[in-house]
Amino acid sequence: MVPWWAKGSHKGTSVVVKMENPNWSMVELEAPSEEDFLIGSTPTGSREKLRGKNAKQLTWVLLLKAHRAAGCLTSITSTFLSFGSTVRRRVASGRTDDNDIETDENKAVKTGFYNCIKVFLWLSLLLFCFEVAAYFKGWHFGAPNLQLQYILSVPLGFKDLFDWLYTHWVLIRVGYLAPPLQFLANVCIVLFLIQSMDRLILCLGCFWIRLKKIKPIPKHEAVADLESGEDSFFPMVLIQIPMCNEKEVYQQSIAAVCSLDWPKSRILIQVLDDSDDPMTQLLIKEEVHKWQQEGAHIVYRHRVLRDGYKAGNLKSAMSCSYVKDYEFVAIFDADFQPSPDFLKRTVPHFKDNEDLGLVQTRWSFVNKDENLLTRLQNINLSFHFEVEQQVNGVFINFFGFNGTAGVWRIKALEESGGWLERTTVEDMDIAVRAHLRGWKFIFLNDVECQCELPESYEAYRKQQHRWHSGPMQLFRLCLPDIIRAKISVWKKFSMIFLFFLLRKLILPFYSFTLFCIILPMTMFVPEAELPAWVVCYIPAIMSFLNILPAPKSFPFIVPYLLFENTMSVTKFNAMVSGLFQLGSSYEWVVTKKFGRSSEGDLVSLVENGPKHQRLGSEPNLDKIQADLKQEQKTRKTKHNRIYTKELALAFLLLTASARSLLSVQGIHFYFLLFQGISFLLVGLDLIGEQVP
């Protein structure tokens, strides 16, 4: 059936429009013909007829667009309903992050921090209700230009009690609340600009290194032939693999280290097992025994008392009498898989360079594309290694030891005091003390060591807490030594201000205070304001700089910005704990691993086949299998976690975003909205590994 407006001659081009609803039929709309544009050449009646026909066509097109918009809204509604059902299931099966076994002091600290956030939340909800009521009463004030002259000109007799209350509330916040809030905001903005300038200088330094192709070059390289003559440089190297209850990764780590291309007579591998699980101990012993039978120089060490965690483990291993026969020590955590030529590319840098104490290599990640959480971590760590570590190594000759994938001169460790158990960042501790003693460091950006990223938010959160509380512990302990050290004033300034204060203290402080507290509060005290360039443009530029070392992650630039602000809660809490030496700053939780392998490793396994067979006795293997089955039967059901601090901040930011609509805050609304959603997703543990 042809529509009535389409009867007659068809001089235009037909356009077929399909309706998404199957109950609607297909129709043809005419595109404008040449006569439609030649209005002057057509009679008046024809022009009016054409105008009427085109108007009806335009109306129909608008109806079609409205239908599509309705369909889009329907899909959005269904998406939100699906998300709501997921949230209900997560809340029903979840448990909060306060259910862990902790000390009373630690619980008190975490409860106090959470209570402070709840106070801000309830205050924001109360103020939001008050502001909504004022809005409907006609108080349409923009931010920050309030109509104070109007308020002051109104006589004391008000229409009702509410007008009296709101007027006095405005005067109170103008006179008493806005000035200190604006002052704190300005302080955070200054800190933000200083930190951003530091980030920009680091990026320029990295650009200069690439432009000039600056890289450390060893004075003497180890030759490829292990049976070569006198000119070969193959010193005695000790390999240490500290681990604790990491049965998912011990096999691939030991196999990678035992496959290092180095004379077997000039290498010794120490497997330093701190596991308290008898089954894990037995598995690692079997693996070490297997490689011993293959001719590898490898020993198994187990401590009965796990004092000092990783630092105590390394300290105990260095006390062995045979260590004096070795010149260098390479350290690999349980999930690290060095390439066979690792030692050949690192140890030669020590040749004829007696002041060199440490050679640190870059990390690469076998599971960087596993989920959104690992992708965001890859952005952060790529910037850390390629920009921070490389620039500091080239221009300052100091950077923090990453605790693994590095080679130390044993003499440097001994002269610096050895491993100490006073902090949870023993790697940074020994690096600072070695630098104060005059030892030099080299960072090799082109030598990579594969490892694994935390895939669950719970594991990542605990890792970040340790990484940000430990430096503050160390800063308190090392500050007097840095001041008294016989190094240049520039190096003292660089270590105190840049390394500790700016990058370890100021960054988490302003990130949390500015974007999670001050910004939402300015929505309820609009006389104190944050410029749009602070909320949007500068963070966007900094995120762009951060993502440059990982260009393939560019589509995740917005989630990265939001997630970094979300993590500021954990980092700020950890920074305060470490600075004031609270109970949680001494927590050490081994990061959960899954034993991921790269595609190259899998291909190598397929090509080479099962080269080794486990040499353990059958009774032991049967016992292991029986224990595994028993563990699966008795394993407790895992629950999804609910993070209360993140959820409270999510509702605070969402409330502030709703309040911003009343005063037309522009970019502030969008930032608060998406940042609140980011906190909500993290608080409900909807990012990273999903626990069934």
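Conventions and cut-offs
Position labels on residues start from 1 in each chain and follow its written sequence. Given that the model is predicted, a residue must reach a pLDDT of at least 70 before its local features are reported, and side-chain atom pairs must reach 80 or more before they are shown or counted; all residues, however, enter totals for whole chains, interfaces and linings. Each side-chain value is worked out from all heavy atoms of the structure, with water and hydrogens disregarded. Helix and strand assignments come from DSSP, with helices taken as H or I runs of at least 4 residues and strands as E runs of at least 2, each series counted from the N terminus. Relative accessibility thresholds used throughout: buried, under 20% of the residue-type maximum; exposed, over 50%; partly exposed, between the two (1.4 Å probe, protein chains only). Residue contacts are defined here by distance: any two heavy atoms, one from each residue, within 4.5 Å place the two residues in contact. Working definition of accessibility: Shrake-Rupley area with a 1.4 Å probe, residue cover restricted to the visible protein chains. Patch membership requires over 30% relative accessible area and the absence of a salt bridge. Like charges are linked within 9 Å, and nonpolar side chains (Val, Leu, Ile, Met, Phe, Trp, Tyr) within 5 Å. Here a salt bridge means any side-chain nitrogen of Lys or Arg lying within 4 Å of a carboxyl oxygen belonging to Asp or Glu. DSSP bridges decide pairing: two strands pair if at least two such bridges lie between them. pLDDT is defined as a per-residue confidence score from the predictor, taking values between 0 and 100. Detection works on a 1 Å grid of protein atoms alone, calling trapped sets that fit a 1.4 Å probe cavities and calling open sets with protein on both sides within 12 Å along at least five of seven lines pockets, with lining residues defined by an atom within 4 Å of a point. Grid points are joined across faces, edges and corners, and a volume is the space filled by probe spheres set on the points. Charged residues are taken to be Asp, Glu, Lys and Arg, nonpolar residues to be Ala, Val, Leu, Ile, Met, Phe, Trp, Tyr, Cys and Pro, and polar residues to be all remaining types, Gly included. UniProt positions are given in the numbering used here, feature names are shortened, and annotations may be inferred rather than shown by experiment. Every helix has an expected span of 1.5 Å times one less than the residues it contains. To get the bend at any residue, fit one axis to the seven residues that end at it and another to the seven that begin at it, then take the angle between the two axes. What is meant by a nonpolar core is a set of buried Ala, Val, Leu, Ile, Met, Phe, Trp, Tyr and Cys residues, joined one to another through side-chain atoms within 4.5 Å. We call two N or O atoms a polar contact when they sit within 3.5 Å, provided that within protein one can donate a hydrogen and the other can accept it, with sequence-adjacent residues counted only if both atoms are side-chain atoms.

Participant: Is there a simple way to explain the overall build of the chain in this structure?
Facilitator: For the chain, the helix and strand inventory stands at 20 helices and eleven strands. Taken over 692 residues, the chain has a buried fraction of 50%. Considering only contacts within the chain whose residues lie at least 6 apart along the sequence, 81% involve residues at least 24 apart. With the model as given, the accessible surface of the chain reaches about 34300 Å², and the carbon-plus-sulfur share is 61%.

Participant: Where do I start with a nonpolar patch on the surface in this structure?
Facilitator: On the surface, Phe 207, Trp 208, Leu 211, Ile 214, Val 394 and Phe 395 cluster together into a nonpolar patch covering about 570 Å² of accessible area. Those elements giving two or more residues to the nonpolar patch turn out to be helix 5 (161-212) and helix 10 (372-396). With three residues, helix 5 is the single largest residue contributor to the nonpolar patch.

Participant: I'm lost on the pairing of strand 7 (residues 328-331) in this one. Help?
Facilitator: Within a regular beta strand, the side chains point alternately toward one face of the sheet and then the other, so they alternate between its two faces. Taking every second residue as pointing to the same face, both faces of strand 7 are buried, with Phe 328 and Ala 330 on one and Val 329 and Ile 331 on the other. Relative to strand 7, strand 4 (residues 237-243) is paired through four bridges, and the arrangement is parallel. What sits directly across from Gln 240, in strand 7, is Ile 331. As judged from the four bridges shared by strand 7 and strand 9 (residues 406-409), these two strands associate in the antiparallel manner. Following the sheet pairing, Ala 330 is matched in strand 9 by Val 407.

Participant: Looking at this structure, I do not really get the confidence of the model for the chain. What am I missing?
Facilitator: When pLDDT drops low, the exact placement of atoms in the prediction is not to be read closely. The predicted model of the chain has a mean per-residue pLDDT of 81, with 73% of residues at 70 or higher. Confidence drops under pLDDT 50 across residues 223-227; counting only partners more than four residues distant or on other chains, this segment forms eleven contacts.

Participant: Please explain the pattern of salt bridges as it appears in this structure.
Facilitator: Evaluation of the coordinates by the stated rule reveals 23 salt bridges. For Asp 333, the salt bridge goes to Lys 310, with nearest N and O atoms at 2.9 Å. Here Asp 333, found in the loop between strand 7 and helix 9 (342-346), pairs with Lys 310, found in helix 8 (residues 309-318); they are 23 residues apart in sequence, far enough to count as distant. The two residues Asp 333 and Lys 310 agree in class, both being buried. One network of salt bridges, with partners in common, ties together Glu 131, Arg 173, Glu 527 and Arg 659.

Participant: Sorry, what's going on with empty space enclosed by the protein here?
Facilitator: Unoccupied space between atoms shows up once a probe the size of one water molecule is rolled over them. A full pass over the atoms with the stated rule returns five cavities of 30 Å³ or more. By volume, the second largest cavity amounts to about 80 Å³. Surrounding the second largest cavity, Val 257, Cys 258, Leu 260, Trp 262, Lys 264, Ile 267, Ile 269, Ala 296 and His 297 form its lining. Contributions of two or more residues to the lining of the second largest cavity are made by helix 6 (250-258) and strand 5 (267-273). Its residues placed into classes, the lining of the second largest cavity shows seven nonpolar, one polar and one charged.

Participant: Would you explain the UniProt feature "transmembrane region" (unreviewed entry) in the chain in this entry?
Facilitator: Under the present numbering, the feature "transmembrane region" (unreviewed entry) in UniProt falls on residues 119-136, 183-209, 496-524 and 667-687. Regarding residues 183-209, the helix share stands at 100% and the strand share at 0%, and the terminal C-alpha atoms are separated by 39 Å.

Participant: I tried to follow the environment of Leu 127 on my own but got confused; where do I start?
Facilitator: Following the sequence through the fold, Leu 127 ends up in helix 3 (residues 104-136). Residue Leu 127 is classed as buried on the basis of its relative accessible area of 12%. Distance in space between the C-alpha atoms of Leu 127 and Met 523 is 10.0 Å, their sequence separation being 396 residues. If we skip the residues at most four places from it in the chain, Leu 127 touches Trp 169 and Phe 524.

Participant: How should helix 13 (residues 457-484) be read in this particular structure?
Facilitator: Since the α-helix advances by 3.6 residues per turn, residues separated by three or four positions end up pointing in the same direction. Compared with an ideal rise of 1.5 Å per residue, which puts 28 residues at 40 Å, helix 13 spans 41 Å between its outermost C-alpha atoms and is within 8% of the ideal. Of all the bends in helix 13, the largest measures some 50° and sits at Cys 478, one to four residues before the proline Pro 480.

Participant: I tried to follow the nonpolar core on my own but got confused; where do I start?
Facilitator: One recurring pattern in soluble globular proteins: nonpolar side chains tend to sit buried together. Counting 87 residues, the largest nonpolar core has Ile 239, Ile 254, Leu 343, Trp 408 and Val 432 as its most contacted members. The dominant element in this core, judged by the number of residues it contributes, is strand 10 (residues 440-451), at seven residues. Counting 64 residues, the second-largest nonpolar core is a separate cluster that includes Leu 181, Ile 506, Met 521 and Met 523.

Participant: Could you clarify how one ought to interpret the pairing of strand 8 (residues 356-365) in this entry?
Facilitator: Of all the ten residues making up strand 8, ten are buried; the element is thus mostly covered by neighbouring parts of the structure. Sheet topology places strand 8 next to strand 10; nine bridges connect them, and they run parallel. Along strand 10, the bridge assignment pairs Ser 364 with Gln 450. With three bridges joining them, strand 8 and strand 9 adopt antiparallel strand pairing. Note on strand 9: the bridge partner recorded for Gln 360 is Gly 406.

Participant: Quick question: what am I supposed to make of the environment of Asp 335 here?
Facilitator: Positionally, Asp 335 belongs in the loop between strand 7 and helix 9. Distance in space between the C-alpha atoms of Asp 335 and Gln 252 is 7.7 Å, their sequence separation being 83 residues. Leaving out residues up to four positions away in the same chain, Asp 335 has contacts with Val 249, Gln 450, Cys 451, Glu 452 and Lys 593. Within polar-contact distance, the side chain of Asp 335 engages the backbone nitrogen of Glu 452 at 3.2 Å.

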